[in-house]
Amino acid sequence: MNSERGALALVGSGEYLTQMQEIESDLLQSGISRGKSNTFVQIPTGAGQESDDRIEFWKARGAAQAERLNAQCHFLPILKREDAFNEQYINELSNAGLIYFSGGDPGYITEVFGETPLWNKIKQEFDSGTSLAGCSAGAMAFGSKIVGIRKSHVQSGLGLIPNIEVIPHYDKFLGWVPDRIASIALRSDKGSYLLGIDEDTALVLTDKWRVQGRAKVHVLKGLPESPQTFASGEEINLLQSFA
C-alpha cells in the first residue's frame, strides 16, 4: 500500500452508531496521524433520492457520532450530480481526517460522483492520508462493479478498488436471498474478490486488510481456498490495486 494513502474501510452496516464508534475513531485517528485535521465529513449521497426527513436523519446520526469522537463534523448535502461540481463542497473536503459515504442506493452514488471534480478531490485527499469509508451502498460503490442483490442486473461503480465486489449486510441477506447470493458468486468477474461483509463489521485496509467489528467477513470468491470466513482481528491477504 502507498505509505501516504489513508486507511480504507468497507463497512457492512452500522455507520455512525455506537457499536461502530471504535472503528470510526480508529479511521479518524489514522487520518490525523498522517497530518490531517480532526474533521469527520459525511457524504449522504446514497440517500439522495429519499425524503428530506431521511437526509436529516443521517445528518443527525453522523453529528452525534462526531460529538462522541470529539471531532468537527462537516455534512455535505451532495444529493444530485450538480452538487459534485460545487466549489464550496470541494473546499470543505480539504485536509479532512475521515470522509464517510453512508448507505442507500449504490448506483445513484456512481451516477452523482462519476468523473466529477468532487470525486477527484476525494481521491486526492485519500492519496495524501485522509481515511475513506463506505458503508453498505458506499462500500459497494467503491468497486468497479456493483453486484445486484435485490435486482438481477449489474451496475458500474466508481472503480476506486477495481478488483473488489461487496455484498453488505451479508449475514442478513444470506437468510433472505441465498439463491441470489449463489448466482452473484457464479457471475462475479474472474480475477476479482467477492466479499460478503456482515452487519456492524468492517474490512479495513491500512498496511494490510483486517476485519474489525462484531461479526465476520466472507471471501466468497477470489482466494484459492474460497469461500473463507474471517473473524474480527484476522488479516485477509487480498492483492490490492487502486484506480
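Residues numbered from 1 in each chain as written. Predicted model: local features only at pLDDT ≥ 70, side-chain atom pairs only at ≥ 80, totals over all residues. Heavy atoms only, no water.

Focus: the sheet that holds strand 5 (residues 131-135)
Spatial strand order, 3-2-4-5-1-10-11-14: eight strands in an open sheet with mixed pairing. Unpaired on one side and paired on the other, strand 3 (72-75) and strand 14 (235-236) mark the two borders of the sheet. The strands that helix 5 (residues 117-127) touches are strand 1 (8-11), strand 4 (98-101) and strand 5; relative to strand 4, the one it contacts most, it runs at about 135 degrees. (Pairing = 2+ DSSP bridges. Helix = DSSP H or I, 4+ residues; strand = E, 2+ residues; numbered from the N terminus. Contact = heavy atoms within 4.5 Å. Axes fitted to C-alpha atoms, helices over the stretch in contact; angles between N-to-C directions.)

Focus: the pattern of salt bridges
Scanning the entire structure with this criterion turns up 11 salt bridges. When the shortest N-O distance is used, the salt bridge between Lys36 and Glu125 registers 2.9 Å. Of this pair, Lys36 sits in the loop between helix 1 (21-33) and strand 2 (39-43) while Glu125 sits in helix 5, and the two are 89 residues apart along the sequence. Take Lys36: its relative accessible area is 10%, and that puts it in the buried class. Salt bridges linked by common partners bring Asp207, Lys208, Arg210 and Glu235 together as one network. (Salt bridge = Lys/Arg side-chain N within 4 Å of Asp/Glu carboxyl O. Buried < 20%, exposed > 50% of the residue type's maximum accessible area, 1.4 Å probe, protein only.)

Side note on the environment of Asp207
Relative to the elements of secondary structure, Asp207 occurs in the loop between strand 10 (201-205) and strand 11 (209-213). In this structure Asp207 comes out as exposed when scored by relative accessible area, which is 53%. Sequence separation between Asp207 and Gly6 is 201 residues, and the spatial gap between their C-alpha atoms is 9.9 Å. At 3.0 Å, the side chain of Asp207 forms a polar contact with the side chain of Thr206. Side-chain polar atoms of Asp207 contact the side chain of Arg210, separated by 2.6 Å. (Polar contact = N/O pair within 3.5 Å; in protein donor to acceptor, adjacent residues only side chain to side chain.)

A short note on the side chain of Ser136
Locating Ser136 in the fold gives a position in the loop between strand 5 and helix 6 (137-141). Among the residues examined, Ser136 registers a relative accessible area of 12% and is labelled buried. Sequence-distant contacts of Ser136, defined by excluding residues within four places in its chain, comprise Val11, Gly12, Gly103, Pro168 and His169.

A look at the nonpolar core
Leu10, Phe101, Phe113 and Ile236 are the most contacted members of the largest nonpolar core, which totals 51 residues. Apart from the residues within four sequence positions on either side, Phe113 is in contact with Ile43, Thr45, Ile78, Arg81, Phe101, Leu118, Trp119, Ile122 and Leu158. Membership of the second largest hydrophobic core comes to 22 residues, among which are Met20, Leu98, Ala133 and Cys135. (Core = buried A, V, L, I, M, F, W, Y, C linked by side-chain atoms within 4.5 Å.)

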